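# Residue-level structure breakdown
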Protein chains: 2
Amino acid sequence: MPLLATIIARCFSLSFSLLAPAAMPLLVVGSVAIDNVETPQARRDGLLGGSATHFSYAASFFTDVQLVGVVGEDWPPQHTELLSSRGVDTSGLQTVRGGKTFTWTGRYEPNMNDRVSLDTQLNVFGEFDPVLPEKYKRTEYVFLANGVPALQMKVLDQVPGCRLVVADTMELWIQNTYDDLMKLLKRIDGLVINDSEAKMLAETENLVLAGHRVREMGPRFVVIKKGEHGAMFFSEHETYVMPAFPTEKVIDPTGAGDSFAGGMMGYLAQQNNFDPVTLKTAMAYGILVASFNVEGFGLERMQQISCDDIEGRMVAYRRMLSF
Amino acid sequence: MPLLATIIARCFSLSFSLLAPAAMPLLVVGSVAIDNVETPQARRDGLLGGSATHFSYAASFFTDVQLVGVVGEDWPPQHTELLSSRGVDTSGLQTVRGGKTFTWTGRYEPNMNDRVSLDTQLNVFGEFDPVLPEKYKRTEYVFLANGVPALQMKVLDQVPGCRLVVADTMELWIQNTYDDLMKLLKRIDGLVINDSEAKMLAETENLVLAGHRVREMGPRFVVIKKGEHGAMFFSEHETYVMPAFPTEKVIDPTGAGDSFAGGMMGYLAQQNNFDPVTLKTAMAYGILVASFNVEGFGLERMQQISCDDIEGRMVAYRRMLSF
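Just so we're clear, the structure is a prediction, and the values are computed from it rather than from any experiment.

## So, the overall build of chain A
Helix and strand content of chain A: 11 helices and 13 strands. Its C-alpha atoms give chain A a radius of gyration of 19 Å, within 12% of the compact-globule value 20 Å for 323 residues. Projected onto its principal axes, the C-alpha positions of chain A cover 65 × 45 × 40 Å. Out of the 323 residues in chain A, the part that is buried amounts to 59%. Across chain A, contacts joining residues at least 24 apart in sequence account for 65% of those joining residues at least 6 apart.

## Topic: helix α6 (residues 178–185) of chain B
All names here are of chain B. Along α6, the residues classified as buried are L181, M182, L184 and L185. An end-on view of α6 places all buried positions within 160° of arc, on one side of the element. Each element contacted by the buried residues of α6 is listed here: β8 (141–144), α4 (149–158), β9 (164–168), α5 (171–176), β10 (190–194) and α7 (195–202).

## Overview of the pairing of strand β9 (residues 164–168) of chain A
Residue and element names in this part refer to chain A. Across the 5 residues of β9, 5 count as buried, placing the element largely inside the fold. A two-sided burial pattern is seen for β9, the buried positions comprising L164, V166 and D168 on one face and V165 and A167 on the other. Bridge count for strand β8 (residues 141–144) against β9 is 4 bridges, and the pairing is parallel. The residue bridging V142 from the neighbouring strand is V165, located in β9. In this fold, the crossover linking β8 to β9 by way of helix α4 (residues 149–158) has right-handed handedness. With 3 bridges joining them, β9 and strand β10 (residues 190–194) adopt parallel strand pairing. Looking at β10, one finds that D168 is bridged to V192.

## Things to note about the relation of the copies chain B and chain A
Between chain B and chain A, which share one sequence, the superposing operator has a rotation angle of 180° and an axial displacement of 0.0 Å; the RMSD is 0.0 Å. Overall, the copies show the geometry of a two-fold rotation axis. When the interface residues of chain B are mapped onto chain A, 100% of them again lie at the interface, so the same face is used by both copies.

## Regarding the environment of W75 of chain B
All names here are of chain B. The topology assignment puts W75 in the loop between β4 (65–72) and α3 (77–85). Note on W75: relative accessible area 8%, which makes it buried. It is 6.3 Å that separates the C-alpha atoms of W75 and T101, two residues lying 26 residues apart in sequence. A distance of 2.8 Å separates polar atoms of two side chains, one belonging to W75 and the other to T80.

## Describing the confidence of the model for chain A
Residue and element names in this part refer to chain A. Scored by pLDDT, chain A comes out at a mean of 93, with 93% of its residues at no less than 70. Segment residues 1–19 is flagged for pLDDT under 50; beyond a separation of four residues in sequence, or across chains, it makes 17 contacts in the model. Interface confidence for the predicted complex, expressed as ipTM, amounts to 0.89; the pTM equals 0.91.

## Concerning the interface of chain B and chain A
Listed per partner, the contact involves 39 residues of chain B and 39 residues of chain A. For the chain B and chain A pair, buried surface summed over both sides reaches about 3300 Å², with 64% attributable to carbon and sulfur atoms. If you look at where chain B meets chain A, you find 0 salt bridges. Inspection of the chain B/chain A interface yields 14 residue pairs in polar contact (both at pLDDT 80 or more). When residues of the side of chain B that touches chain A are traced back to their parent elements, those giving at least two are α1 (2–19), α8 (207–215), β13 (239–242), α10 (276–293) and α11 (307–321) of chain B. In terms of residues, the side of chain B that touches chain A owes the most to one element, α11 of chain B, which gives 6 residues. Looking at the side of chain B that touches chain A, its residues break down into 21 nonpolar, 9 polar and 9 charged.

## Remarks on the packing of aromatic side chains
Counted according to the given criterion, the structure contains 22 aromatic pairs over all chains. Ring centres 5.4 Å apart and planes at 5° place the aromatic pair F102 of chain B and F125 of chain B in the stacked group. On the criterion of sequence distance, the pair formed by F102 of chain B in strand β6 (residues 102–108) and F125 of chain B in the loop between β7 (115–121) and β8 is long-range, its members being 23 residues apart. Considered together, F102 of chain B and F125 of chain B belong to a single accessibility category, that of buried residues. Through a chain of ring-to-ring contacts, the aromatic side chains of F62, Y267 and Y285 of chain A assemble into a single cluster. The ring centre of F61 of chain B lies 4.1 Å from the NZ or CZ of R86 of chain B, which sits over that ring.

## Here we look at the nonpolar core
Judged by nonpolar contacts, the single largest core of 215 residues is most densely connected at L201, M264 and Y317 of chain A together with L201, M264 and Y317 of chain B. If we skip the residues at most four places from it in the chain, L201 of chain A touches I174, Y178, L181, M182, L185, L191, I193, V214 and M217 of chain A.

## Here's the deal with unusual backbone geometry
Residues and elements named next belong to chain A. Even without glycine at this site, M112 takes up a positive phi of about 60°. Within the element layout of this structure, M112 appears in the loop between β6 (102–108) and β7 (115–121). Note on M112: relative accessible area 10%, which makes it buried. A positive phi angle, close to 50°, is found at N123, a residue other than glycine. Relative to the helices and strands, N123 resides in the loop between β7 and β8.

## Focus: helix α2 (residues 51–59) of chain A
Counting buried positions over the 9 residues of α2 of chain A gives 9, a clear majority of the element. When we look at burial in α2 of chain A, the residues that qualify are S51, A52, T53, H54, F55, S56, Y57, A58 and A59 of chain A.

## Comments concerning the packing of α10 of chain B against α11 of chain B
Residues and elements named next belong to chain B. Where α10 meets α11, the closest approach of the two axes is 10 Å, and the angle between their N-to-C directions is 115°. The element α10 and its partner α11 pack so that their crossing is right-handed. Note on element contacts: α11 touches α10 through D309, I310, E311, R313, M314, Y317 and R318, opposite T281, A284, Y285, I287, L288, V289, S291 and F292. Class assignment for the residues of the contact of α10 with α11 results in 9 nonpolar, 2 polar and 4 charged.

## Details of the side chain of R215 of chain B
Residue and element names in this part refer to chain B. Locating R215 in the fold gives a position in helix α8. Buried R215, no salt bridge; nearest opposite-charge side chain is E216, N-O distance 4.5 Å. Engagement of the side chain of R215 in a polar contact is seen with the backbone oxygen of S235, the distance being 3.5 Å. Aside from chain neighbours lying at most four places away, what touches R215 is R220, V222, F234, S235 and E236.

## Quick look at the sheet that holds β9 of chain A
All names here are of chain A. Spatially, the 9 strands line up as an open sheet ordered β5-β4-β1-β8-β9-β10-β11-β12-β13, and their pairing is mixed. Edge strands, defined here as strands with exactly one partner in the open sheet, are β5 (88–96) and β13 (239–242). On average, adjacent strands in this sheet sit at an angle of 15° to one another, irrespective of strand direction. The pairing of strand β4 (residues 65–72) with β5 spans 7 bridges and is classified as parallel. By the bridge assignment, G72 is partnered in β5 with V96.

The rules behind these values
Residues numbered from 1 in each chain as written. Chains lettered and ligands numbered in written order. Predicted model: local features only at pLDDT ≥ 70, side-chain atom pairs only at ≥ 80, totals over all residues. Heavy atoms only, no water. Helix = DSSP H or I, 4+ residues; strand = E, 2+ residues; numbered from the N terminus. Rg over C-alpha atoms; globule rule 2.2 N^0.38 Å. Buried < 20%, exposed > 50% of the residue type's maximum accessible area, 1.4 Å probe, protein only. Contact = heavy atoms within 4.5 Å. Arc of directions from axis to C-beta. Pairing = 2+ DSSP bridges. Right-handed = clockwise from strand over helix to strand, strands pointing away. Least-squares fit on C-alpha atoms with pLDDT ≥ 70 in both. Polar contact = N/O pair within 3.5 Å; in protein donor to acceptor, adjacent residues only side chain to side chain. pLDDT = per-residue confidence, 0-100. Buried area = accessible area lost by both parts, 1.4 Å probe. Salt bridge = Lys/Arg side-chain N within 4 Å of Asp/Glu carboxyl O. Nonpolar A, V, L, I, M, F, W, Y, C, P; charged D, E, K, R; others polar. Phe/Tyr/Trp six-rings, centres within 6.5 Å; stacked < 30°, edge-to-face > 60°. Lys NZ or Arg CZ within 6 Å of the ring centre and 35° of its normal. Core = buried A, V, L, I, M, F, W, Y, C linked by side-chain atoms within 4.5 Å. Axes fitted to C-alpha atoms, helices over the stretch in contact; angles between N-to-C directions. Left-handed = near helix turned anticlockwise from the far one by under 90°. Lys, Arg positive; Asp, Glu negative; His and termini not counted.

Structure follows, in structure tokens:
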């Protein structure tokens, strides 16, 4: 029976990739930033950063991405060009005259997991008012990157016909805008959240319990990101853990979570499907794309890879998990 | 091809369980203790503890176990009876007249991962001189539970014909008896070690790098235990991670690592095989047995389960990892 089940599952998964309908575009709204990153080995300034940026680049391997964000006049045009070269539609990227781009400076501890924010200048992102270009309002796959829950809901108001909305959030909003966050959770399909955030939101140290508790707050599914330990998935009928892809080369973990979400959502939009089987494969793609993201500063490693590299790692990942 | 590979792999795995040769006995040498455990929820005194004990009980689901350890006159006979009832051969359990059993008292932090040793009384274990009963000296599968490397090697001297030796170690021996530990590592086939210990031994925060570095110190394979995050395997040709089985019910993590090793080694001895395919399945059994171990104080939860429960969890685990 397990053998038969495996065969059936494989056939389904094969038919999905062979008969996949046209990929759907994917909308992301979130931060676009300039990062200065210090690790025990090196320091790099002026990196292309921000959650929407890492998300967009990761998702661009799977489908067309529409990016909504804001930058200042100091934003280097080559950053926009890099995104455009990946097919990311940047017509929703507003530039504020006389404004400065959101800038984050941080330092990673030797474990490359814990980090200290040395300087955070929200600049134009502090006044961000996400107004979607008309053509984006019919997009059916939407990702609300980490941001003020009220603004995330404002985006939702502009995409009434969307089919799948997934959001991210962080400690700041759990602590400062709890009521708004609760409202948001009731309007989204999925929440992607860090392990520490899940524990805080669910008020428990047990991640399995946390995942289910957060799911009961509204979303149909919850994904808990565990960094180097992979990710967990929770829906009404499923609970599972998928390990990270083991890599010796961790250069800069910044944006790993957003890359994960980008890979996951990109695959779902590409497949135009979010049934349980597709969601699980999407989780795996998210994990693999994130494993490349951490292998270089900012988006440097991502610029070196192709879809073939991701597929190659997928073969190794499937082999790793089968026994 | 992946489908075909899956079918072939499955057929092999089926043939292994159907055609498995007679299970081999498994020898374990290590601590037998009385534990007093405090968690945020409860406190329990006088628990049957010790690494060799948790190992033996876990392995007893798979094969016959030979236990070598030492206790004092205060050792409750019902503890020995419990092990005997599982088919564990306790004829190698020495009792020191007038001595007291090794006693450990510890408290777990709310995250149930970090713990504080409140009191450690080595007692008779401090003078432990492992002398194997004659009939144990021909045992081919051997586990050296955490202990002084010199004593672990003394055991090895007594089992010259063993086919598979796996050892555990800890920070104390890395720091205090480094040279002996290095000698030990060159004499064993496998090392099972915690993540923090691996990092210390390999002098790196990256676990993938740590696994390979420790392997280069001698053992043919290294297993890094990551607690709630599962375990990693390293050999010359393989690197993989297997997640823990997600459980909401973490009552007492004491002995989880030893249960893991017991499940793993028990399966290898049962199969009388330690090729890569069998090792991977053994890792999974170790993870599953450990997931039961943490669901109760001491060995309480383990006493409630049967082989069917482990197999049931294996079906769920395989399903969790397939996509």
